[in-house]
Amino acid sequence: MKKLVAILMTVTMFLSAMTGLAMAEDKAHPETPVVVGVTCPYSGFVANLGENLVRGIQLALEVEGRTEDVKLIIEDTELTSELAVTKCESLLKKDNATFIIGSVTGFEGDAQAAWLKDNPDVIFMPGYSATEDMTMRDFSPNMIRAGWTANQVMFDWGAYVAKEIGYKKIISVGADYSYPWGQAAGFAHGFLSNGGEKIEYIWYPEGNTDFNSIMTTLLSRSSEYDAVFLNDGGATVVAFWKAWEQYGLNNVYPQLIGGTNVGDTNVLTEVSDGYVGVMSAGFYADGDPSEANQTFRQKYIEMFDAQPDAVSVQGYDTMRCIIKGLDAVDWKVDDQQAIIDAILALKITDSPRGSFYFDEYHNAVQNVYIKETQIGADGEMVSNIIKTFENVTQFGPYNDLKEGYMSMPRNARDYPPTERDAFMEDLAKYFGQEYVDKLIENGGW
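Residues numbered from 1 in each chain as written. Predicted model: local features only at pLDDT ≥ 70, side-chain atom pairs only at ≥ 80, totals over all residues. Heavy atoms only, no water.

## Looking at the nonpolar core
For step 1, the next point in the chain: Counting 123 residues, the largest nonpolar core has W157, L218 and Y275 as the members making the most contacts within it.
For step 2, the next point in the chain: Among the elements that make up this core, the one with the highest residue count is helix α11 (residues 310–328) (nine residues).
For step 3, the next point in the chain: Residue contacts for L218: discarding those within four places in its chain leaves I171, V173, I202, V228, F240, W244, L249 and Y253.
For step 4, the next point in the chain: In this structure, C88, A97, A113 and M134 belong to the second largest nonpolar core, which totals 14 residues. (Core = buried A, V, L, I, M, F, W, Y, C linked by side-chain atoms within 4.5 Å. Buried < 20%, exposed > 50% of the residue type's maximum accessible area, 1.4 Å probe, protein only. Helix = DSSP H or I, 4+ residues; strand = E, 2+ residues; numbered from the N terminus. Contact = heavy atoms within 4.5 Å.)

## Some details on unusual backbone geometry
For step 1, the next point in the chain: Geometrically, the link from Y415 to P416 is a cis peptide bond, its omega value of 10° lying close to zero.
For step 2, the next point in the chain: Tracing the chain through its elements places P416 in the loop between α13 (402–406) and α14 (420–431).
For step 3, the next point in the chain: Even without being a glycine, L79 presents a positive backbone phi close to 60°.
For step 4, the next point in the chain: A relative accessible area of 15% places L79 in the buried class.

## Focus on the sheet that holds strand β1 (residues 34–40)
For step 1, the next point in the chain: With parallel pairing, four strands are arranged side by side in an open sheet as β2-β1-β3-β4. Strands at the two margins of the open sheet, each flanked by one partner only, are β2 (70–76) and β4 (123–125). Each strand axis lies, on average, 20° off the axis of its neighbour in the sheet, ignoring direction.
For step 2, the next point in the chain: Against the sheet, α11 engages β1, β2, β3 (99–101) and β4, with an angle of about 165° to β3. (Pairing = 2+ DSSP bridges. Axes fitted to C-alpha atoms, helices over the stretch in contact; angles between N-to-C directions.)

## What about the packing of α11 against helix α12 (residues 336–344)?
For step 1, the next point in the chain: Across the interface, α11 lies against α12 with an axial gap of 8 Å and an inter-helix angle of 120°. Compared by their axis directions, α11 and α12 come out oblique. Once α11 is placed against α12, the crossing between them reads as right-handed. Facing α11, whose interface residues are C321, I322, G325, L326 and A328, α12 presents I339, A342 and I343.
For step 2, the next point in the chain: When grouped by side-chain class, the residues that make up the contact of α11 with α12 number seven nonpolar, one polar and no charged. (Parallel < 35°, antiparallel > 145°, perpendicular 65-115°, else oblique. Left-handed = near helix turned anticlockwise from the far one by under 90°. Nonpolar A, V, L, I, M, F, W, Y, C, P; charged D, E, K, R; others polar.)

## Quick word on the pattern of salt bridges
Any two side chains of opposite charge can pair if their charged atoms end up close together.
For step 1, the next point in the chain: With the rule as written, the count across this model stands at 18 salt bridges.
For step 2, the next point in the chain: Residue D95 is joined to K94 by a salt bridge in which the shortest nitrogen-to-oxygen separation is 3.3 Å.
For step 3, the next point in the chain: Across the salt bridge formed by E200 and R221, the nearest N and O atoms sit 2.3 Å from each other. Here E200, found in strand β6 (residues 198–204), pairs with R221, found in the loop between α7 (212–220) and β7 (227–231); they are 21 residues apart in sequence, far enough to count as distant.
For step 4, the next point in the chain: Connected via shared salt-bridge partners are E132, D133, R137, D138 and R410. (Salt bridge = Lys/Arg side-chain N within 4 Å of Asp/Glu carboxyl O.)

## Brief notes about the packing of aromatic side chains
For step 1, the next point in the chain: With the rule as written, the count across this model stands at 28 aromatic pairs.
For step 2, the next point in the chain: Ring centres of W241 and W244 lie 6.3 Å apart, and the angle between their planes is 20°; this geometry places the pair in the stacked category. Separated by three residues within a single helix, W241 and W244 lie in helix α8 (residues 234–246), roughly one turn from each other. No difference in accessibility class separates W241 from W244, as the two residues are buried.
For step 3, the next point in the chain: The positively charged end of K387 is found above the aromatic ring belonging to F389, 5.4 Å away from the centroid. (Phe/Tyr/Trp six-rings, centres within 6.5 Å; stacked < 30°, edge-to-face > 60°. Lys NZ or Arg CZ within 6 Å of the ring centre and 35° of its normal.)

## Examining the environment of D133
For step 1, the next point in the chain: Mapping D133 onto the fold places it in the loop between β4 and α5 (155–165).
For step 2, the next point in the chain: Residue classification places D133 among the buried positions, given a relative accessible area of 8%.
For step 3, the next point in the chain: With residues near it in sequence (within four places) discarded, D133 still touches D138, F139 and R410.

## Concerning the side chain of R353
For step 1, the next point in the chain: Mapped onto the elements of the fold, R353 is located in the loop between β10 (347–348) and β11 (356–358).
For step 2, the next point in the chain: For R353, the side chain forms a polar contact with the side chain of Q366, separated by 2.7 Å. (Polar contact = N/O pair within 3.5 Å; in protein donor to acceptor, adjacent residues only side chain to side chain.)

## What about the state of the cysteines?
For step 1, the next point in the chain: Taken as a whole and assessed by the stated rule, the structure comprises zero disulfides.
For step 2, the next point in the chain: No disulfide involves C40; its nearest neighbouring cysteine sulfur is the one of C88, lying 11 Å away.
For step 3, the next point in the chain: By relative accessible area, C88 is classed as buried at 0%. (Disulfide = S-S within 2.5 Å.)

## Thoughts on the environment of D327
For step 1, the next point in the chain: Tracing the chain through its elements places D327 in helix α11.
For step 2, the next point in the chain: Distance in space between the C-alpha atoms of D327 and S178 is 36 Å, their sequence separation being 149 residues.
For step 3, the next point in the chain: Within polar-contact distance, the side chain of D327 engages the side chain of W331 at 2.7 Å.

## Remarks on the pairing of strand β13 (residues 381–392)
For step 1, the next point in the chain: Direction of pairing for strand β12 (residues 364–375) relative to β13: antiparallel, over a ladder of nine bridges. Among the inter-strand pairings, Q374 is bridged to a residue of β13, identified as V382.

Quick look at the structure:
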């Protein structure tokens, strides 16, 4: 019996080895590594976002077993639009990059999108930049965004605040550049279309950390507004929250609500327990109990001894899309259109964020989650999902009205209008009075 067991074990090991060899032979490998450039800030107030983007990319290469097949070149943009473009130029012309994964900020992304118009010989995938026009009014056929737009994740959030929570007047505080403008615009569309009456904006310079004068203003307006909407991320949110508590605003307003990044891991590890109950919306929730998310988080923590965030997820998903696209063409890079077509045909079902696929403008169609900060089972603060909107496109409620939506002015610090009557009058210019009448008759979307 012992001899028989030994023989069976030997045969099993031999068959396993042969199977593994066959699998290795079936897996296509490039003759030379495919060059993937990454442009992201490793300095400035969002340096952690650049680091997390790269970590997500590195994890995807490790998980997919492609670390030897990709030459990763990481370039620091130093948080400047000019350098973001210069680095793209160098990656394409000097390093012969097949792919460039773009930066993490809106203003850098806008500059890179403009550069891409004149550079069709590279496949560009935004790192975390979320200004909607990159895959809308400024669309380039060689850009694919395995991410999101600032507006996309705010449409349904604004509607939720108006319909489900019941707020009528909001005072919005945010950084004064393109990405927060998009978040504010998407929120305004949802809020004012579904029963909200008014939004007032307070804009401050990007990277601001002194909120004393703003807190004084918020205190003086507390009798006029139902809640405060914070439109920023990272260290700025942490500084805002410290001032919020110091000025006792948690005893004045019923709650703080916010844009996508106020519920990110890099914020939750730095704020007090009073932050529990802050609500936001985004394409990823760290508290998502799905197997795909829990597996991703475990592998990320093991590899980097750090917690992943939404930027990590987008880096991970972007690199996996590149790998799967290359798999489809046997890692041959001479036919760019074949690679683009292969990526656009993907439907990813095992992402930490949930499933996603691409629309005709090459942006991800995905779930949007309404999230609330809560204390998890391990005693740490997490953002848990309280409502899911499935398969949301970058056009949100205007998916059947794309041309009308793109004929509207671009997101700006003062557009769209912030009072309901003026907002409805503006909608009628682009969608017709019949659309607005039905919107009013139905009480919203």
